[in-house]
Amino acid sequence: MAEKSKYVIALDQIQAKTHSFLKTRGFRKKGRTFNREADEKGIFQVINFQSGMFPIGEHYEVPGFRTSSYGTFTVNIGVLVKELYDMEDWHKPTNFYQEVDCQARTRLPQLLGKKDEWWSFDGNLDYITDEIVLGLNTIGFEYFELYNTREKFIKNYGRFGDAPPRAKLDVALVVLHANRSDGEKLFQEYFDQIDGNKGHPSHKEYVQELAEKLGVVLNGG
């Protein structure tokens, strides 16, 4: 077995201390990822530790365009609504979710007002760990509170720069799950605003196929 790099060892130490805190808050751990189900069933809160990739090739770094994040790490945060995850055929059934699967996604440094700053493994690891734990215990959990019910998800999703362009579609699908007529109306509104002639024909086809799968009749579909 290859010897662990000093960066892997450092992240193991940071994560172990953070795990001690998160475990008391009901989080489970697998690898670099933590999961907890919100009070409302089917909503999952996800925390993930991500280390920078080793740069491949001598020309990997391009000034002003791409820099190496090797030797640094960040903490990703996400919220997943199970029915949205289950709706996609390529998603495998699971009881533990990854941050990349979440609908709402952000990073702890961004919540702390540091834009997309990554922590360096060459810094004071005890200080960094304390900053992460404090950040999660305050603004991190406040972020989770924004989405801890479907009602809040519908209200808040897409308002904080933490959602993809299809955010309104996801909201329509969550509404559809609870109220058929209201969900169909939102679904139609989302479909109508897709411009299939300006770079989005494949997405429009995807939405049409999804509507057929869900039994939603679209005007103009």
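See the structure shown above.
Okay, so let's go over this structure. Everything numeric here is computed off the predicted structure, so don't read it as measured data.

Points about the side chain of Thr18
With respect to the helices and strands, the residue Thr18 is situated in helix α1 (residues 6-24). For Thr18, a relative accessible area of 0% gives the class buried. The contacts of Thr18, once residues within four sequence positions are left out, are Phe49, Thr129, Ile132, Val133 and Leu136.

Regarding the packing of aromatic side chains
Going through the model one piece at a time under the given rule, you end up with 17 aromatic pairs. Consider the rings of Phe73 and Phe121, whose centres lie 5.1 Å apart with planes at 20°: the pair is stacked. You can see Phe73 sitting in strand β4 (residues 72-81) and its partner Phe121 sitting in the loop between β6 (119-120) and α4 (125-145), a full 48 residues away along the chain. When its relative accessible area of 0% is taken as the criterion, Phe73 is described as buried. Taking the relative accessible area as the measure of exposure, Phe121 reaches 7% and is therefore buried. Among the aromatic residues, ring-to-ring pairing joins Phe21, Phe27, Phe141, Tyr143, Phe144, Tyr147, Phe153 and Tyr157 into one connected group. One Lys or Arg, Arg36, reaches over the ring of Phe141 and ends 5.1 Å from the middle of that ring. A cation over an aromatic ring shows up here: Lys204 above the ring of Phe191, its NZ or CZ 5.0 Å from the ring centre.

Topic: the packing of helix α6 (residues 167-178) against helix α8 (residues 201-214)
α8 packs onto α6 with a crossing angle of 5° between their chain directions and a minimal axis gap of 13 Å. It follows that α6 is roughly parallel to α8 by the angle criterion. Across the interface between the two elements, Leu169, Leu173 and Leu176 from α6 touch His203, Tyr206, Val207, Leu210 and Leu214 from α8. Its residues placed into classes, the contact of α6 with α8 shows seven nonpolar, one polar and no charged.

The rules behind each value
Residues numbered from 1 in each chain as written. Predicted model: local features only at pLDDT ≥ 70, side-chain atom pairs only at ≥ 80, totals over all residues. Heavy atoms only, no water. Helix = DSSP H or I, 4+ residues; strand = E, 2+ residues; numbered from the N terminus. Buried < 20%, exposed > 50% of the residue type's maximum accessible area, 1.4 Å probe, protein only. Contact = heavy atoms within 4.5 Å. Phe/Tyr/Trp six-rings, centres within 6.5 Å; stacked < 30°, edge-to-face > 60°. Lys NZ or Arg CZ within 6 Å of the ring centre and 35° of its normal. Axes fitted to C-alpha atoms, helices over the stretch in contact; angles between N-to-C directions. Parallel < 35°, antiparallel > 145°, perpendicular 65-115°, else oblique. Nonpolar A, V, L, I, M, F, W, Y, C, P; charged D, E, K, R; others polar.

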